[in-house]
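Below, each chain spelled out in residue letters.
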Amino acid sequence: MSTDEKRSFETRLRGYYSEAFAILCERQRRYGPANILAAGTWGVIEQLSNKVERARAQIRGEVVDGRIVIDHLGDQREAILRDSLLDLANYAIILLALRDGEWTAEMRMEDHDGRD
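Let me begin by describing the structure that accompanies this report. Here the structure is a predicted model, which means the values were calculated and not measured. (Residues numbered from 1 in each chain as written. Predicted model: local features only at pLDDT ≥ 70, side-chain atom pairs only at ≥ 80, totals over all residues. Heavy atoms only, no water.)

## Here's the deal with the packing of helix H2 (residues 9-31) against helix H4 (residues 74-99)
And then number 1: Interaxial distance between H2 and H4 falls to 9 Å at its minimum, and their mutual angle equals 75°. With respect to each other, H2 and H4 are oriented roughly perpendicular. Contact residues: Tyr16, Glu19, Ala20, Phe21, Ile23, Leu24 and Arg27 in H2; Arg82, Asp83, Leu86, Asp87, Asn90 and Ile94 in H4.
And then number 2: Tallied by class, residues from the contact of H2 with H4 come to seven nonpolar, one polar and five charged. (Axes fitted to C-alpha atoms, helices over the stretch in contact; angles between N-to-C directions. Helix = DSSP H or I, 4+ residues; strand = E, 2+ residues; numbered from the N terminus. Parallel < 35°, antiparallel > 145°, perpendicular 65-115°, else oblique. Contact = heavy atoms within 4.5 Å. Nonpolar A, V, L, I, M, F, W, Y, C, P; charged D, E, K, R; others polar.)

Take a look at the structure:
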């Protein structure tokens, strides 16, 4: 069994959350909360829909023997798909924060170290 196979579910997936969180914080520093507040719940749902369509546009394939076979994406389409999926994760969290009244919390300007 390889070292990678021994890694736990939590260890394997933690990096995705860290990557998405870093992007979320960077964009919050850049744009602030006003655009989300102005868009509201419906606007965030629209953004989620737009990101799904952006992801879907990168994937091409065909039905072979009754199964869908996805074409190789290539570097550019793979990067766009990954960015779209990370955005989807973040917009879902943004919507939860907005609905729970947490979206307007003040942001510390220093890099986030994982602790509050």
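## Here we look at unusual backbone geometry
Excluding glycine, residues mostly have negative phi values, and the peptide bonds linking residues are mostly trans.
And then number 1: Phi angles above zero are rare outside glycine, and Asp65 is one such case at about 50°.
And then number 2: One can find Asp65 in the loop between strand S1 (61-64) and strand S2 (67-70).
And then number 3: Judged by relative accessible area, Asp65 falls into the exposed class, the value being 79%. (Buried < 20%, exposed > 50% of the residue type's maximum accessible area, 1.4 Å probe, protein only.)

## What about the pairing of S1?
And then number 1: Relative to S2, S1 runs antiparallel, the two being bridged by four bridges. By the bridge assignment, Val63 is partnered in S2 with Ile68.
And then number 2: Turn length for the S1-S2 hairpin, with the two strands adjacent in sequence and antiparallel, is two residues, and the turn residue Asp65 shows positive phi of about 50°. (Pairing = 2+ DSSP bridges.)

## Section: the pattern of salt bridges
And then number 1: Tallying each qualifying case throughout the model produces seven salt bridges.
And then number 2: With a shortest N-O distance of 2.6 Å, Glu19 and Arg82 are connected by a salt bridge. Pair noted here: Glu19 is in helix H2 and Arg82 is in helix H4, with a separation of 63 residues, a long-range link.
And then number 3: Take Arg82: its relative accessible area is 39%, and that puts it in the partly exposed class.
And then number 4: For Asp87, the salt bridge identified is with Lys51, shortest N-O distance 3.0 Å. You can see Asp87 sitting in helix H4 and its partner Lys51 sitting in helix H3 (residues 34-58), a full 36 residues away along the chain. As far as the burial class goes, Asp87 and Lys51 line up, both buried.
And then number 5: Among the charged side chains, a salt-bridge network with shared partners connects Arg27, Lys51, Arg54, Asp83 and Asp87. (Salt bridge = Lys/Arg side-chain N within 4 Å of Asp/Glu carboxyl O.)

## Regarding the environment of Tyr91
And then number 1: Looking at the element boundaries, Tyr91 is found in helix H4.
And then number 2: Setting aside anything within four residues of it in sequence, one finds Tyr91 in contact with Ile36, Val44, Gln47, Leu48 and Lys51.

## Considerations on the nonpolar core
And then number 1: Of all hydrophobic cores here, the largest spans eleven residues; its members are Leu24, Ile36, Val44, Leu48, Leu88, Tyr91, Ile94, Leu95, Ala97, Leu98 and Trp103.
And then number 2: Taken together, the elements giving at least two residues each to this core come down to H3 and H4.
And then number 3: Looking at this core, the element that brings in the most residues is H4, giving six residues.
And then number 4: Setting aside anything within four residues of it in sequence, one finds Leu48 in contact with Leu88, Tyr91, Ala92 and Leu95. (Core = buried A, V, L, I, M, F, W, Y, C linked by side-chain atoms within 4.5 Å.)

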